[in-house]
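One-letter residues, chain by chain:
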Amino acid sequence: MLETALIMIVIGILAGIAGAILGLGGGIIVTPVLTLGFGLNIKYAIGASIIVVIATSSGSTIAYLRDEVLNLRVAMFLEIATTIGAVVGSLLTGVLNPKYLYVLFGLLLIFSGFNMVRKLRMKANDYGTGKDDALASKLELNGRYYDKNLKQTIDYQVTNVPGGLSVMFGAGLASGLLGIGSGAFKVIAMDTFMKMPLKPSSATSNLMMGVTAAASATVYFFNGTILPGIAVPLALGILGGAVVGSRIMQVLPTKLIRIVFIPILLYIGGNMLLQGFGVKL
Amino acid sequence: MNKQPDEHLNQEMNSIELIIGKILRIGVIISATIMLIGWLLLVITGKTGYAGNFHPTSFQQIIAGTVQLKPDAIMMLGIFCLILTPVLRVIVSIYSFFKERDMLYVYITSFVLLVLIISFLIGLSQA
């Protein structure tokens, strides 16, 4: 009992650090560990993963809000699309064959992975690429953040709001339908489509994921798929890990974060594509 | 001319983020403390407080179990508080935007809360 609990705490700390840095929920790390490593039923692994997403989100947001890396307006505005997507997704369960979605989302992730490779070749300060956008200005989405690595305040403009909204709707749809946190899509919507710098994209994705996950978490909570003996040590580890991770992220060079992010993106994308074609890993 | 509204906007965001940060921190500390107490009780006593693989899921069971200091019930209470922290964040954001008289974002954030409530109700009806 004690041994399992301590392992869970360690896994939690690692997942929290990684999740906070990359803007991913951490479910990507925890679900395979629980199912493959501990032989836990996938049903309970998903229940734990939802708690993991919320813990990463709340833990890292505490640090990001104080250090003003995340963009609260972008988060709230895009939440409209993710929450509606999540509701539609949960209503479509059983109607729509998830097979096609897996293929579609797998392709989108792989495409974005290659897009990010192209960005890697740009200079370290690849910000301010967005043009003046009437809609973004009207919604006051443009922002600034202090980059602790570059040691300067960076002003940035947000562009292509409709494109970002559509990807966010897809991200919500995927989390409602497939039971995933879909943090990867959230980062892509902001970084690739809306041309936000990677660090505010990642921090804002973290904030948004908790809100999206909270809606489905209550369902899992009441139907008993959340096992307290597993979820609690995981969550405690993650809260600590996420606070540490959100501090580390700010001093890392953006380039390094991308280098870690790209293979994970390609891995998830390839995995979804295979699942869409009926190959179970 | 251009600098004035920009500065104002920046200050406004700072105070909103500070309030949300503070309340969020309190919420996280409360839920983490409850989870930690339940988990320590579990590790020390080695018992979940329930027979077999059963763990409480309804409010009634959780509250009754918490009063009797059953580890699983206390842990579930802590998890429930953790689930509420993002919702709390949305509610506080509405209040903060309202205080700053940013009505556009009061509407946007209220709409998000409304969708959250709807999805919550759909979830309950399917559970």
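Cut-offs applied
Each chain carries its own residue numbering, running from 1 in the written order of its sequence. For this description, chains carry letters from A and ligands carry numbers from 1, given in the order in which they are written. At least 70 in pLDDT is required for a residue's local features to be given in this predicted model, at least 80 for side-chain atom pairs to be given and counted, and no such filter applies to totals for whole chains, interfaces and linings, which use all residues. Neither water nor hydrogens contribute to the side-chain values; these are computed over all heavy atoms in the structure. By the criteria applied, helices consist of DSSP H or I runs no shorter than four residues and strands consist of E runs no shorter than two, each listed in order from the N terminus. Radius of gyration means the value over C-alpha atoms here, while the globule rule gives 2.2 Å times the residue count to the 0.38 power. Burial status follows relative accessibility: with a 1.4 Å probe on protein chains alone, a residue under 20% of its type maximum counts as buried, one over 50% as exposed, and anything between as partly exposed. In this description, contact between two residues means that some pair of their heavy atoms is separated by no more than 4.5 Å. The method behind every accessible area is Shrake-Rupley, applied with a 1.4 Å probe, and residues are considered shielded solely by the protein chains displayed. Asp and Glu are treated as the negative residues and Lys and Arg as the positive ones, with His and the ends of the chain left uncounted. The atom standing in for a charge is NZ when the residue is Lys, CZ when it is Arg, CG when it is Asp and CD when it is Glu. Any two strands with at least two DSSP bridges between them are considered paired. UniProt positions are given in the numbering used here, feature names are shortened, and annotations may be inferred rather than shown by experiment. One speaks of a salt bridge when a side-chain nitrogen belonging to Lys or Arg is within 4 Å of a carboxyl oxygen belonging to Asp or Glu. Accessible area, probed at 1.4 Å, shrinks when two parts are joined; the buried area is that loss added up over both. As used in this structure description, the phrase polar contact means that two N or O atoms lie within 3.5 Å; if the pair is within protein, one of them must be able to donate a hydrogen and the other to accept it, and residues adjacent in sequence are counted only when both atoms belong to side chains. To define a nonpolar core, start from buried Ala, Val, Leu, Ile, Met, Phe, Trp, Tyr and Cys residues and group those joined through side-chain atoms within 4.5 Å. Confidence of the predictor at the level of single residues is given by pLDDT, which spans 0 to 100. Orientation is described by axes fitted as lines to C-alpha atoms, over the contacting stretch for helices, and by angles from 0 to 180 degrees between their N-to-C directions. Roughly parallel means an angle under 35 degrees; roughly antiparallel, over 145; roughly perpendicular, 65 to 115; everything else is oblique. Note: crossing handedness is left-handed where the near helix turns anticlockwise from the far helix by less than a right angle, and right-handed where it turns clockwise. Classification used: nonpolar for Ala, Val, Leu, Ile, Met, Phe, Trp, Tyr, Cys and Pro, charged for Asp, Glu, Lys and Arg, polar for all others including Gly.

*Asks:* Explain the overall build of chain A to me, please; I cannot follow it from the model alone.
*Replies:* Along the backbone of chain A there are 11 helices and 2 strands. For chain A, the succession of helices and strands along the chain, N to C, is α-α-α-α-α-α-β-β-α-α-α-α-α. Its C-alpha atoms give chain A a radius of gyration of 18 Å, within 12% of the compact-globule value 19 Å for 281 residues. The principal-axis extent of the C-alpha atoms belonging to chain A is close to 50 × 40 × 30 Å. Sorting the 281 residues of chain A into buried and exposed places 59% on the buried side. Restricting to contacts in chain A with at least 6 residues of sequence separation, those with at least 24 account for 82%. Carbon and sulfur atoms provide 67% of the accessible area of chain A, an area that totals close to 10,400 Å². Across chain A, the centroid of the 20 positively charged side chains sits 7 Å from that of the 11 negatively charged ones.

*Asks:* For this particular structure, what's the right way to read the overall build of chain B?
*Replies:* Within chain B, the regular secondary structure consists of 4 helices and 0 strands. Listing every helix and strand of chain B by position from the N terminus yields α-α-α-α. In chain B, which comprises 127 residues, the proportion classed as buried is 43%. Sequence separation of 24 or more characterises 53% of the internal contacts of chain B that already satisfy a separation of 6 or more. Put simply, chain B shows about 7,000 Å² of open surface, and 69% of that area lies on carbon and sulfur atoms.

*Asks:* Just to check I follow, could you spell out the pairing of strand β2 (residues 152-156) of chain A for this structure?
*Replies:* The two faces of the sheet receive side chains in turn, since in a regular strand these alternate between them. Residues and elements named next belong to chain A. As paired strands, strand β1 (residues 143-147) and β2 are joined by 5 bridges and run antiparallel to one another. Its bridge partner lying in β2, Gly143 is registered against Tyr156. Counting the residues that bridge the hairpin from β1 to β2 gives 4 residues, and of these Lys151 lies at a positive phi of roughly 55 degrees.

*Asks:* Explanation requested: the UniProt feature "transmembrane region" (unreviewed entry) in chain B in the structure shown.
*Replies:* Residue and element names in this part refer to chain B. Feature annotation in UniProt places "transmembrane region" (unreviewed entry) on residues 23-44, 73-92 and 104-124, given in this structure's numbering. Taken end to end, residues 23-44 is 100% helix and 0% strand, and its first and last C-alpha atoms sit 32 Å apart. As annotated, residues 73-92 has a helix share of 100% and a strand share of 0%, and its two end C-alpha atoms lie 28 Å apart.

*Asks:* Please clarify how the pattern of salt bridges should be interpreted in this entry.
*Replies:* Opposite charge on two side chains lets them pair, provided their charged atoms get close. Applying the stated criterion across every chain, the model contains 5 salt bridges over all chains. Between Arg258(A) and Asp191(A) there is a salt bridge, and its shortest N-O distance comes to 3.1 Å. Of this pair, Arg258(A) sits in helix α11 (residues 254-276) while Asp191(A) sits in helix α8 (residues 183-193), and the two are 67 residues apart along the sequence. In this structure, a network of salt bridges that share partners links the residues Arg73(A), Glu140(A) and Asp102(B).

*Asks:* Which parts of the structure should I look at to understand the interface of chain B and chain A?
*Replies:* Interfaces are often described in size by the accessible area the parts lose on coming together. Tallying the contact residues gives 53 residues for chain B and 53 residues for chain A. Between chain B and chain A lies a buried interface of about 4,800 Å² when both sides are counted; carbon and sulfur atoms form 78% of it. Scanning the region where chain B abuts chain A turns up 1 salt bridge. Note that Arg73(A) and Asp102(B) form a salt bridge whose closest N and O atoms lie 2.4 Å from each other. Remark: the boundary between chain B and chain A carries 7 residue pairs in polar contact (both at pLDDT 80 or more).

*Asks:* I keep staring at the nonpolar core and nothing clicks. Help me out?
*Replies:* One broad rule of soluble globular proteins: the nonpolar side chains tend to lie buried together. Phe77(A) and Leu141(A) are the most contacted members of the largest nonpolar core, which has 71 residues in total. Val30(A), Leu34(A), Ala48(A) and Ile238(A) belong to the second-largest nonpolar core, a separate cluster that totals 44 residues.

*Asks:* What is the right way to look at the confidence of the model for chain B in this model?
*Replies:* Any region with low pLDDT has predicted coordinates that should not be read closely. Residue and element names in this part refer to chain B. The pLDDT averaged across chain B works out to 85; a share of 87% of its residues lies at or above 70. When mean pLDDT is taken per element in chain B, helix α3 (residues 71-99) scores highest with 92 and helix α1 (residues 3-45) scores lowest with 80. This prediction of the complex comes with two scores: 0.84 for pTM and 0.85 for ipTM.

*Asks:* Looking at this structure, I do not really get the packing of helix α5 (residues 98-120) of chain A against helix α7 (residues 161-178) of chain A. What am I missing?
*Replies:* The description of two packed helices rests on the angle between their axes and on the distance between the axes. Residues and elements named next belong to chain A. Relative orientation of the contacting elements α5 and α7 amounts to 140 degrees, with a least axis distance of 11 Å. When the axis of α5 is compared with that of α7, the two are oblique. Here α5 runs over α7; the crossing is left-handed. Side by side, α5 and α7 meet where Pro98, Leu101, Tyr102 and Phe105 of the first sit next to Gly170, Ala174, Leu177 and Leu178 of the second. Split into classes, the residues belonging to the contact of α5 with α7 amount to 7 nonpolar, 1 polar and no charged.

*Asks:* Explain the side chain of Thr204(A) here, please?
*Replies:* All names here are of chain A. Relative to the assigned elements, Thr204 resides in helix α9 (residues 198-222). The buried category is assigned to Thr204, whose relative accessible area is 0%. Within the structure, Thr204 has its side chain in polar contact with the backbone oxygen of Pro200 (distance 2.6 Å). In this structure, Thr204 is in contact with Leu70, Asn71, Val74, Ala75, Met190 and Met196, ignoring residues within four places of it in sequence.

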